[in-house]
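The lines below spell out each chain.
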Amino acid sequence: MALLSPSRRLRRTPFSDGVEAAGVKAYTVYNHMLLPTVFESVEADYHHLKRAVQVWDVSCERQVELRGPDAGRLMQMMTPRDLRRMQIGQCFYVPIVDETGGMLNDPVAVKLAEDHWWISIADSDLLYWVNATAHGWRLDVLVDEPDVSPLAVQGPKAEELMARVFGDEVRDIRFFRYKKLAFQGRDLVVARSGYSKQGGFEIYVDGTDIGMPLWDALFAAGDDLDVHAGCPNLIERIESGLLSYGNDMTDDNTPHECGLGRFCDTHSAIGCVGRDALLRVAKEGPIQQVRAIEIEGDPVAGCDRWWPVFAGGKKVGRISSATWSPDFKTNVAIGMVKMTHWDAGTIVEVQTPDGMRRATVQEKFWN
Ligand code: THG
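As a further point, take the site of the ligand. Residues in close proximity to the ligand total 18 residues, the closest being Asp106, Ser120, Lys197, Glu202 and Tyr204. Glutamate 61 has a polar side-chain atom sitting 3.3 Å from a nitrogen atom of the ligand. Here a nitrogen atom of the ligand and a side-chain polar atom of glutamate 202 are 2.7 Å apart. Look at the ligand: alone it shows 640 Å² of surface, and the protein chains cover 89% of it. Here the shell around the ligand is built from residues that sort into eleven nonpolar, two polar and five charged.

In structure tokens:
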């Protein structure tokens, strides 16, 4: 791959100076912003993430902010997850769907107040859809992108590092809850969440000016914990079955096809613009669904396009993410397979760039 040409369209982040000083080796582009993908190597980063603690610049998880009396109503219009019991202080993973039930994004919604929400988005331009919905329905709500950049602290030693910087209060934060904790006199939203299954926190850094001071404070406090700069790790996220919007699903897929049915309450999500469409498809059930898939043989190439999945000479699905897993000593993958072939143990064939490989549909993901 060639290099990325820097420009103002490719946005830097409040932590980019720190990321560069830490020796970032590769970036991707996510929400028109730099997202690091490699520091040492994907494999070295993976082993380190599973044993120590990493600080991740995930500023590219941009916030769409809703403020005003109709903020809650607008939030519910966009998702089939029932938000009525969601409390201030909670975060919800919410599928966002259009009027056909197609996935537009799979963000984390943060409820700051009845009339104040952040939507921490995956890689699609959701701001336009949210704004258009607000205007089209004449809602009393302000929609914009605030200067808020998530910084994730992930790994088994994340709690210890966070307690040193924010105090022992972080230890009481439950999964997908947040507390507002002070750093240099500023109250920041600190949630127990993050795009790995190694445990950890996300700090919603409110104001570019405190980005580097916080980055530096975390590294100063974590020297003996072997804290490293890191990033969402391809191997770990596939083992964990964490989906990547645009890779593993698009607006052609319903939440049920994505295996996100557990985050849908379509019957009670009154107001969701995709509700009728989803009720229709839910009655029949999906005819294809995301699955964990093990691909046999030597380490596979990088998956930068969908790899067709075959059975008996017919196409029955596609692989969207795949990599060698050092811990499980096999190729782990995320795919979408048709109902006829989605049962655990089903043998299929995957057309990889270096030939056909035998593969097996798994019962569940690895982590
Ligand atoms: N954190 C924040 N914003 C984000 C992400 C994040 N925006 C972009 C992207 N990641 C959104 N996608 C996901 C995907 C999975 C999860 C979170 C965001 C996730 N899922 C857990 C799971 O599936 O096991 C838990 C979900 C739950 O139980 O509620 O964490 O990572 N701020």
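Still more ground to cover, so stick around.
Of note in this structure, phenylalanine 176 is not a glycine but carries a positive phi near 60°. For phenylalanine 176, the location among the structural elements is in the loop between helix 5 (158-166) and strand 12 (178-183). Accessibility expressed as a relative area gives 18% for phenylalanine 176, which makes it buried. In the Ramachandran plot, glutamine 184 falls in the positive-phi region, its phi being about 50° despite a non-glycine side chain. Relative to the elements of secondary structure, glutamine 184 occurs in the loop between strand 12 and strand 13 (186-191).

Inspection of the secondary structure puts proline 255 in the loop between helix 7 (234-240) and helix 8 (275-284). Sequence separation of proline 255 and leucine 278 is 23 residues, and the distance between their C-alpha atoms is 8.8 Å. Not counting the four nearest positions on each side in its chain, proline 255 is found in contact with Pro80, Pro95, Val97, Gly101, Met103, Leu260, Gly261, Cys264 and Leu278.

Within the structure shown, the criterion is met by 20 salt bridges. A salt bridge links lysine 50 to aspartate 327; the nearest nitrogen and oxygen atoms lie 2.9 Å apart. Placement of lysine 50 in helix 2 (residues 42-51) and of aspartate 327 in the loop between strand 18 (314-325) and strand 19 (330-338) is noted, with a sequence separation of 277 residues between them. What makes aspartate 327 partly exposed here is its relative accessible area of 40%.

Procedures and definitions
- Residues numbered from 1 in each chain as written.
- Predicted model: local features only at pLDDT ≥ 70, side-chain atom pairs only at ≥ 80, totals over all residues.
- Heavy atoms only, no water.
- Near = heavy atom within 4 Å.
- Polar contact = N/O pair within 3.5 Å; in protein donor to acceptor, adjacent residues only side chain to side chain.
- Areas by Shrake-Rupley, 256 points an atom, 1.4 Å probe, with all protein chains shown as cover.
- Nonpolar A, V, L, I, M, F, W, Y, C, P; charged D, E, K, R; others polar.
- Helix = DSSP H or I, 4+ residues; strand = E, 2+ residues; numbered from the N terminus.
- Buried < 20%, exposed > 50% of the residue type's maximum accessible area, 1.4 Å probe, protein only.
- Contact = heavy atoms within 4.5 Å.
- Salt bridge = Lys/Arg side-chain N within 4 Å of Asp/Glu carboxyl O.

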